[in-house]
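Fold and contact review
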Amino acid sequence: MIARATFIAVASSLIALTTVSGCAVSRGQSTVGEYIDDATITTQVKARFVESKAVDASAIRVETLNGEVMLSGFAKSASEKANAESIARKVKGVKTVRNELAVRN
């Protein structure tokens, strides 16, 4: 009886493992590695914003997809907007930067 229950549990587990996808990749990446790379780029850009006195890191949102960084939110001046883009471009792995920051007057 115990052997039958163990067999059923093992068989159920194998069926579940072969029919359920393991790691779902989201947002259009083709591999888990690309998703991790994008997350790393986003983290590095945000960290450099925090280190910089030229930008307000709390007012800028950073998203990365396939090496393309998109900046959104608000900048206090055109200079801050340009500095944010420059900082993002210098991060390793960044292919392009879409600067969608709005300048507050």
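For the structure, see preceding data.
This text gives an overview of the structure that appears in the document. (Residues numbered from 1 in each chain as written. Predicted model: local features only at pLDDT ≥ 70, side-chain atom pairs only at ≥ 80, totals over all residues. Heavy atoms only, no water.)

**Focus on the pattern of salt bridges**
Where we set the bar: What counts as a salt bridge is simple: a side-chain nitrogen of Lys or Arg found within 4 Å of a carboxyl oxygen of Asp or Glu. Numbering goes from the N terminus for both helices and strands, where a helix is a DSSP run of H or I of at least four residues and a strand is a run of E of at least two. Each residue's exposure class comes from its accessible area (1.4 Å probe, protein chains only) as a fraction of the maximum for that residue type: buried when under 20%, exposed when over 50%, partly exposed otherwise.
Under the defined criterion, the tally for this structure stands at five salt bridges. Across the salt bridge formed by Asp56 and Lys76, the nearest N and O atoms sit 4.0 Å from each other. One end of the pair, Asp56, is in the loop between helix 2 (32-51) and strand 1 (60-65); the other, Lys76, is in the loop between strand 2 (68-75) and helix 3 (78-89), and 20 residues separate them in sequence. What makes Asp56 partly exposed here is its relative accessible area of 24%. With a shortest N-O distance of 3.8 Å, Glu100 and Arg98 are connected by a salt bridge. Several salt bridges converge on common partners, so that one network encompasses Glu68, Arg98 and Glu100.

**Description of the nonpolar core**
Heads up, the rule is: Here, the term nonpolar core denotes a set of buried Ala, Val, Leu, Ile, Met, Phe, Trp, Tyr and Cys residues that are joined through side-chain atoms within 4.5 Å. Any pair of residues with heavy atoms lying within 4.5 Å of one another is described as a contacting pair.
Val45, Phe49, Ile60, Val62, Val69, Leu71 and Ala84 are the most contacted members of the largest nonpolar core, which totals 15 residues. Of all the elements in the fold, those that place two or more residues in this core are helix 2, strand 1, strand 2, helix 3 and strand 3 (96-103). Beyond its immediate chain neighbours, meaning those up to four positions away, Val62 contacts Thr42, Val45, Lys46, Phe49, Val69, Met70 and Leu71.

**Side note on helix 3**
Definition in use: Given the number of residues in a helix, its expected span is that number minus one, multiplied by 1.5 Å. Starting at the helix axis, one direction is taken to each C-beta atom, and the arc is that of these directions.
Under the 1.5 Å per step criterion, the end-to-end length of helix 3 is 17 Å for 12 residues, consistent within 8% with the ideal 16 Å. Looking at helix 3, one finds that the buried residues are Glu80, Ala84, Ile87 and Ala88. Projected onto a plane normal to the axis of helix 3, the buried residues spread over an arc of 95° and lie on a single side.

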